[in-house]
Amino acid sequence: SRGNAHGNAETSVDPLSVNTDYHDVFPKSNLAGGYLGDGYPLCADLPDKMHFRKGAIYRLLGSRSSPELQKEGSITETTPSLKVLALDSTSSPLYAQLCQANSEGVCAYPGYVTLGQNLDYSSGVASTLPEYTTVETFRTVQIQSGPTPIYYEYVRPPCVETHFFNNGKKAIAGNDGTAGGICANPTLPGVASPACCSGTVLGSQCVYYGERLSYQATVDRCSSSGSAVCADAQSISSESPFATSGCSIADDVTHKHWYSWTATDCQTKVKLSFPEKGDAASQVSRVDSFSATTGYSSANSLVSSDSINFYTVHWMGDTTASAPTNETSCNDIPTCESVVDGCLCDVTINDSALYYSSAAQIVSVESLLSGVFQGAADADVYDAGVYTSLGNCGMDDVLDDVHILTSTIGNTNCASLDSTTIFTVTDEFGVQHRRKNVQSTVDIVSTTLAFRNPVHFISMLDRDERDVHYEVDALLDHLFYYKSHAPFLALRMIQRFGISNPSPGFIARVSTAYKTGMHGNFGSGKYGDLEALMASILLDTESRSVTLDADPSHGQIREPMLKLTGYMRSMDARNKIPTNWAKLYKMDIGQDSYGTESVFSFFLPEYEPAGVIGDAGLVSPEAGVLSGTYISNLLEGLLALSKFGMTNCGKGIVSYYAYNGCSNREGDFTKSEGQLEFVSSDIANIDTMIDEFSLLLTAGRLGSLNRRIIRSVVLDVHQYGHHEKAARIAQQLIAMTPEYHSTNLSRRQSSEVRTLEDNKRAYDESDYKAVVYWLFKGGVDSYNLIVPMDDCVDGRDVFAEYTNARKYVALKKDQLLNISTVGSGQVCDKFGVNGNFPILQQLYNDDDALFIANSGVITQPINKHMNWQETMSILFAHNHMQKEAQAIDPMGRKAGTGVGGRMMDMLKKNGFNTAANTVQGKALLNKGDSKYNNPSWNINTRSYQAFDPYSSVGEDMVDIIKELNGVMSSDTSVYGETWSANVDQMLYEQEQEKTVFNALANNNLDMSNYGNAFSTPASQLKAVAKTMKARHLRRVNRDIFYVHQRGFDDHFKDNLAPKLQVSNTALTQFVTWLKAESLWDNTIILMASEFGRTITPNPRGGTDHAWGGNYFMVGGGVKGGQIVGEYPTKLNNEYQYWTGRRGRMIPSTSNDAVWNGIATWMGVKGDEDLNFILPTRPNFPKCDLFTDEDLFVNFNVPKMSSCTIDDEDGDLVADDVDYCEGTKYWVDGLEVDSYGCALPTPSPPPNTPAPTISRVAHEVANVLDENSHLQPLGASNIYSNKLLDGTTTRYQLVLADGQGPPGFIATPSHGQPSIVHGIRIYMSDRANQSPTSYVLQGRNNRADGWITIAEGGTNMSNQQNEQGHPIYSTPHEPDLTKAHREILFTNNESYMQYRVVFPTLWYSNSQYFSVAEIELVGRVIYNGWTPPPSRAPTPNPT
């Protein structure tokens, strides 16, 4: 197994180890209509002493004698009596192969040895060696003895066993036989240990420890000692002679880890399942039957009559029409009998069915491989002369060779083949196959039923790791050569290398290169050549065509890790010490080393993001990680790389820790491991510098508008000679553009900034409701969440039935908390809640919790007697079923959207202020239809942190990023558009977080009563609580939240308890807070999971993926104390919703039913809107759907009066008598008459023209309002920031050498254009720091250059103003009581932003610049805007 990958105490990397106990031994179907193992030779057909023959493998064990790939007990190497098989060092041909001595006779002991030819033991001393004469097969061999012995393990070549056979012999595990018997195939070599009895005394006749023999070899071994094979375990004494004979060890008396032969006859029977509706045919299970009437006659649970280990077989012809379908038809067959879960029948095995009688019948390689399934060993492994070649029988295009047994010559030829014939062919992939001209069938006695005998790698007796590896290898080979593999891999690799939505032609070309192994001069010409595949991707015209960059759907969003490493590589990241490389680990950017969220890697290849990509029916895997947190971390990480280098300082994400602290001073790299060292070829030329950065970072795709915006920002620094800082700013800004984050052309025609939908309309803040959707990821075992206990129907002991069905994963009664379900109509009146979730019992008993039984995704009402397999969902797969659980749209009618998002769409449409919120990530649940522009917000669990707090351009960075990611043209890149939309949403979310943070800081929002959160779900629920607390700031009265908890995929053992304990603590804390905040009655928490789990356990101690499950809903308004839906009335195959052999419950309650009730409680009414939310809702009887009356105490939609009529608009008036369709009775309190019409309201006078609002220019004393955004210029620090406060309080800048003249850039907060025709400068109390000249410039967006409006001297005197006095000025006159200068000029142009610099000061060597107030006199132009009144002077100003 692989070692620890990153040095932690616990690694998250799969060690690639194999646990044989976790692999079942039963036959498995492949994708081609056969069995996994088809094409491999039967173990029974391998020649005698295969360990000496061509292809035998030996692996070095070192000084340990116990095999590693074969099952063995605990061996103590110091046990002196332990028998080992030692090779003769002088005469053994095998010893010579394993030793591989040099010229001095010293063994090399190679790690692996594969015999290239059969070893010759036929003559001389070799023919008398015990290794040849007395041993049937090897396990381990010793080739050096002494203090440091050396051992090799024999690894038998891969082969398979038939599952059914004739004339079996019973094998038992252990001396006492309590492990049960298994019917073993007597023809197989090395199956079980020899147990020889003489009377009642057991003796062992092993040659070496752990030796296994065939049955006949056991008979011969026992006979040679004057004993016989033991009849059964009854005659075996309790003492173990195995230890005393060296065949076992003293502390392993019963040797239960291996099986021993008995002389008891047995037969393999078949148990047929009764097919369900839609099943193609019965499945089968093997049942072993023993002839002994005394002793331990019970069968091992794997092959007992009550075994549930059914599997699919391949029936011969159309015989299944006569298969028994119920108990009656089963018992009508004289050789069959009905058992609890099927029909148990006698069988005979036909092992000699001829497939081809003549070579001429073979029309193609494909027909032979799809018809002849039994493999064969290479004829060369047999002794010389055993097989004779007939050549290819004249079938040059089909057969490579045909071999027949030499003994059959005269009777067998190309025109007359027998069942021993071996065909050799080469398939389209260049793989050679050998097939034996025979097939084994299992014939059910007294019927015409027959199926092809299944094969399997793993022995029913010994689960050897060797055979598990062979089975896994066979599966991988089967998938590798399967017909869909090449196009599947082609699509996935194309997506990873640049194109999310390749054309079918591109996929076909790459697939062809992969299959042929060639692309031009690249490749080996062999199937599966990755060089050819990669060459075909990277060199294809779709990858290289510049023209295709203009196609909006061509290309992709770049992966986060590639964006980060690409930035570092392009900008020449260098380490200070080459051997110390900073780690790119735990960066939280959506892609991290060893940090995949699931087994499906970082990106779902079929991910359809909301917006232009989803609307176009396209996919974008990388868009799945565009959450606010990930985007913010990535962008700030890129910014920090330029500002501070490779460090975690300044919100950097490269894991190098500055142990001496962080300076957080832009351009200071002293605390970093390294920095970006790329230098432009002409750093003094701003255009050259930007062009080179664009080439390196965007492949020259930087658009003209974004280039102008970046240039204008960089110019403000570059023009004063700060070229290195200007270069850092240029790097950063280009890395913020959609051109950097996507791979095709992003087009923009204007600098318009995006506006996100905000809840600014009036709303009823007292009518607040919230849904918290809690997804238990992995498929929770919800049949251990609630369990039927007592007071059951018909006096049944349903708990005992539960225990019998669930076996070792069943809970005991003392692990359950009682709840009463009287009145719920369930199978029992008393259920139990998992004892690890006591808050559920408490809430249930308080009538604040209900359970939803056997719920899941279905497209229509179904049970197992209907064609349930035709459901539209891809069942049992995590990724697909998590999607279904959130979409509730199995037929894909609202593709790319989720049920929560669609519900918010309808609520918003009908007057509610809504928010769909996802904690930490992306959730399909909250995606609405793009036409409603209802975004899904991301919520952080961490506390608020300002974006880019140490910005190179000051507070303007956020606004600049918004401009760079502004509104795009309709023909722009769909990937760039998706990136930019998500960036703008992230920035908006940051602003919302800041609002909440400030409210918390100012004690307007108090979260102190929540307490600390110590787990992921607890942190997420606390983030939900904080967001709910801020609902008034967000102006929301309808919320939905998505939270999740991972780790419920318990295949290997039942780990439910610790996870539910975490859930219980998190929910208890959240519920306590909701009650304290008086939000309990307004909130519901709905627990969900992608699917339930199998009722019956698997052999590994866990359960597997199923379908329907049991979930809970809690809340103060919930009509609690009940279970809705139907908990399974029987936990066995008799139940109409039980399907398969493992108990995968078909949901009896649809997800549509549950969400119908939730949506009506939230305020949605009417079939039209509810059908929009639930596209498959019309497939279900309306009265089977819950309304809020079923689920909640207070309801809006009466169940019976709503479900018995068609009511499109929700006014409770049937559509067929509704004369005023579309009147929604909950809007604005409208009352509706019996015809569905609103009662009359006053009408406006006829022909009254609509009022118009003209654009008005308002004269103002200062177009810069008090909240204008200011960016200081020419300063290293702001000593006082009181420029626009309307007083004489000093505004003072500390000047910086080389930064240019002091001044500022001002952006008015009113966001309207203005015309300036004058500037007023009020002096501060530092007259010698006043300006003596000015330059006033304006522009309308960052893409424009600055236009000079006016410039000149100020004629400042040495007068000054005392601090703190108000300034009273009007649009027409300054405050004459204050020291000031007013300069008026002529200007008719309007601008959105102003830049004012002061080139000279009163005292030329001053290190400070000071004024009291700057007023830009002019007019603001606004639609209907009214300016605030001017300040009136006080009667007696001081």
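In short, a report on the structure. Since we're looking at a predicted model, the values are computed, not measured. Each residue is numbered by its place in its chain's sequence as written, counting from 1. Given that this is a predicted model, residues contribute local features only at a pLDDT of at least 70 and side-chain atom pairs are listed and counted only at 80 or more, while totals for whole chains, interfaces and linings are drawn from all residues. To get the side-chain values, all heavy atoms of the structure are used, and hydrogens and water are removed first.

Section: the overall build of the protein
Argument step 1. The way it works is that DSSP assigns letters per residue, a run of H or I at least four long becomes a helix, a run of E at least two long becomes a strand, and they are numbered from the N terminus. Regarding its fold elements, the protein presents 31 helices and 50 strands.
Argument step 2. Within the protein, buried positions represent 56% of all 1438 residues.
Argument step 3. The contact criterion used throughout is that any non-hydrogen atoms of two residues lie within 4.5 Å. Counting contacts in the protein only where the partners sit at least 6 residues apart, residues at least 24 apart contribute 73% of the total.
Argument step 4. By element, 50% of the accessible surface of the protein is carried by carbon and sulfur atoms, the whole surface being about 58900 Å². Each residue gets one of three labels from its accessible area relative to the maximum for its type: buried under 20%, exposed over 50%, partly exposed in between, using a 1.4 Å probe on protein chains only. Where accessible areas are quoted, they stem from the Shrake-Rupley method and a 1.4 Å probe; at the residue level, only the protein chains shown are allowed to cover.

Description of the nonpolar core
Argument step 1. Here, nonpolar core refers to any group of buried Ala, Val, Leu, Ile, Met, Phe, Trp, Tyr and Cys residues whose side-chain atoms link them within 4.5 Å. Met903, Met1113 and Trp1155 are the most contacted members of the largest nonpolar core, which totals 122 residues.
Argument step 2. By residue number, the principal contributor to this core is helix α27 (residues 1056–1076), which donates eight residues.
Argument step 3. With residues up to four places along the chain from it excluded, the contact list for methionine 1113 reads Asp848, Ala849, Leu850, Ile852, Ile1084, Ile1085, Leu1086, Val1118, Val1154, Ile1158, Leu1191 and Phe1192.
Argument step 4. Core analysis: the next-biggest nonpolar cluster, separate from the first, contains 87 residues, Ile150, Val303, Trp315 and Ile349 among them.

Digging into the sheet that holds strand β18 (residues 422–426)
Argument step 1. An order of β16-β17-β18-β19 is seen for the four strands of this open sheet, with the pairing classed as antiparallel. Of all the strands in the sheet, just β16 (387–389) and β19 (432–436) have a single pairing partner and so form its edges. Averaged over all neighbouring strand pairs, the angle between strand axes comes to 25 degrees, with direction disregarded.
Argument step 2. In this sheet, β18 lies alongside strand β17 (residues 401–405) in antiparallel orientation, the contact comprising three bridges. Bridge pairing in β18 places valine 402 opposite phenylalanine 423. A strand pair is defined by DSSP finding two or more bridges across the two strands. Axis lines are fitted through C-alpha atoms, for helices just across the contact stretch, and the angle between N-to-C directions can take any value from 0 to 180 degrees.

Details of the sheet that holds strand β26 (residues 786–792)
Argument step 1. Here we have three strands laid out as an open sheet, ordered β26-β28-β27, and antiparallel in their pairing. The outermost strands of the open sheet, each flanked by one partner alone, are β26 and β27 (816–820). Each strand of the sheet is rotated relative to its neighbour by a mean of 35 degrees, with strand direction disregarded.
Argument step 2. Bridge count between β27 and strand β28 (residues 828–834): five bridges; the pairing is antiparallel. Across the sheet, the residue bridging to leucine 817 is valine 833, located in β28.
Argument step 3. Each of β27 and β28 touches helix α20 (residues 838–845); the most contacted strand, β27, lies at about 15 degrees to it.

Brief notes about the pattern of salt bridges
Argument step 1. The term salt bridge refers to a pairing of a side-chain nitrogen on Lys or Arg with a carboxyl oxygen on Asp or Glu at a separation within 4 Å. The full count for this structure, using the stated rule, is 57 salt bridges.
Argument step 2. In this structure, arginine 59 and glutamate 68 form a salt bridge, with 2.9 Å as the shortest nitrogen-oxygen distance.
Argument step 3. Residue classification places glutamate 68 among the partly exposed residues on the basis of a relative accessible area of 37%.
Argument step 4. Its salt-bridge partner being lysine 1029, residue glutamate 1077 comes within 2.8 Å of it at the nearest N-O pair. Placement of the pair is glutamate 1077 in the loop between α27 and β33 (1083–1088) and lysine 1029 in helix α25 (residues 1016–1029), with a sequence separation of 48 residues. By the burial criterion, glutamate 1077 is buried, and lysine 1029 matches it.
Argument step 5. Salt bridges sharing common partners tie together Lys54, Asp378, Asp380 and Arg434.

Concerning helix α10 (residues 530–538)
Argument step 1. Along α10, the positions that sit buried rather than exposed are Ala532, Leu533, Met534, Ala535, Ser536 and Ile537.
Argument step 2. Of the surrounding secondary structure, the elements contacted by the buried residues of α10 are α8 (485–496), α9 (504–516) and α11 (541–544).
Argument step 3. Under the rule applied, a polar contact is a pair of N or O atoms within 3.5 Å (in protein, one hydrogen donor and one hydrogen acceptor; residues adjacent in sequence only if both atoms are side-chain atoms). Where α10 begins, the side chain of aspartate 529 points an oxygen toward the backbone nitrogen of glutamate 531, at a separation of 2.8 Å.

Comments concerning α8
Argument step 1. Expected helix span is computed as 1.5 Å times (number of residues minus one). The first and last C-alpha atoms of α8 sit 16 Å apart over twelve residues, in line with the 16 Å expected at 1.5 Å per residue.
Argument step 2. Every buried residue of α8 is listed here: His485, Ala486, Leu489, Ala490, Ile494 and Gln495.
Argument step 3. Tucked into the core, α8 has its buried residues touching α7 (465–481), α9 and α10.
Argument step 4. Within two residues after α8, glycine 498 carries a phi angle of roughly 125 degrees, on the positive side.

Concerning the state of the cysteines
Argument step 1. Two cysteine sulfur atoms form a disulfide, by the criterion used here, when they sit within 2.5 Å. This structure, assessed with the given rule, holds eleven disulfides.
Argument step 2. In this model, cysteine 183 is linked to cysteine 266 through a disulfide, with the two sulfur atoms separated by 2.0 Å. Measuring handedness by torsion sign, the sulfur bridge of cysteine 183 and cysteine 266 sits at about 85 degrees and is right-handed. Highlighted residues: cysteine 183 in strand β7 (residues 181–184) and cysteine 266 in strand β11 (residues 259–272), separated in sequence by 83 residues.
Argument step 3. Since its relative accessible area comes to 2%, cysteine 183 is described here as buried.
Argument step 4. A residue is classified by how much of its surface remains accessible, and cysteine 266, at 8% relative accessible area, is buried.
Argument step 5. Each sulfur in the disulfide pair cysteine 336 and cysteine 345 lies 2.1 Å from the other. A torsion of 115 degrees about the S-S bond marks the disulfide between cysteine 336 and cysteine 345 as right-handed.

Considering the packing of helix α14 (residues 628–644) against helix α17 (residues 723–734)
Argument step 1. Contact pair α14 / α17: the axes reach a minimum separation of 9 Å and the direction vectors enclose 170 degrees. Judged by the inter-axis angle, α14 sits roughly antiparallel to α17. Like other packed secondary-structure pairs, α14 and α17 cross with a definite hand, here right-handed. From α14, Leu639, Ser642 and Lys643 reach across to α17, where they touch Arg728, Gln731 and Gln732. Working definition: roughly parallel below 35 degrees, roughly antiparallel above 145 degrees, roughly perpendicular at 65 to 115 degrees, and oblique for all remaining angles. Each crossing gets its handedness from the near helix: less than a right angle anticlockwise from the far helix is left-handed, clockwise is right-handed.

Looking at the pairing of β7
Argument step 1. Of the two faces of β7, the one carrying Gly181 and Cys183 and the one carrying Ile182 and Ala184 are both buried.
Argument step 2. Bridging between strand β6 (residues 168–173) and β7 involves four bridges; their strand directions are antiparallel. Among the inter-strand pairings, lysine 170 is bridged to a residue of β7, identified as cysteine 183.

Structural notes on the side chain of glutamine 1312
Argument step 1. Tracing the chain through its elements places glutamine 1312 in the loop between β43 (1303–1307) and β44 (1314–1322).
Argument step 2. A relative accessible area of 17% means that glutamine 1312 is categorised as buried.
Argument step 3. Those residues within four positions of glutamine 1312 in sequence are excluded, and the remaining contacts are Tyr1391, Met1392, Val1420, Ile1421 and Tyr1422.

A look at unusual backbone geometry
Argument step 1. Its identity is not glycine, yet lysine 49 carries a phi of approximately 55 degrees, on the positive side.
Argument step 2. For lysine 49, the position within the fold is in the segment before β1 (57–62).
Argument step 3. Since its relative accessible area comes to 15%, lysine 49 is described here as buried.
Argument step 4. Although it is not a glycine, aspartate 948 adopts a positive phi angle of roughly 45 degrees.
Argument step 5. Note on placement: aspartate 948 falls in the loop between β31 (936–939) and α23 (956–964).
Argument step 6. Relative accessible area serves as the criterion here: at 7%, aspartate 948 is assigned to the buried category.

Details of the packing of aromatic side chains
Argument step 1. Between the rings of Phe, Tyr and Trp (Trp by its six-membered ring), a pair exists once the centres lie within 6.5 Å; its type follows the angle of the planes, with under 30 degrees stacked, over 60 edge-to-face, and the other angles tilted. If you walk through the whole model with that rule in mind, you get 40 aromatic pairs.
Argument step 2. Ring geometry for tyrosine 355 and tyrosine 356: centres 5.0 Å apart, planes at 75 degrees, overall edge-to-face.
Argument step 3. With relative accessibility at 34%, the residue tyrosine 355 sits in the partly exposed group.
Argument step 4. Under the relative-accessibility criterion, tyrosine 356 is labelled buried at 7%.
Argument step 5. Ring pairing ties together the aromatic residues Phe429, Phe480, Tyr481, Tyr514 and Tyr527, which thus form one cluster.
Argument step 6. The side chain of arginine 452 reaches across the aromatic face of phenylalanine 373, ending 3.7 Å from its centre.
Argument step 7. Lying across the ring of tyrosine 740, arginine 558 places its NZ or CZ 4.7 Å from the centre. Remark: a charge is flagged as sitting over a ring if the NZ atom of Lys or the CZ atom of Arg is within 6 Å of the ring centre and within 35 degrees of the ring normal.

Function cannot be read off these values alone, since they describe shape.
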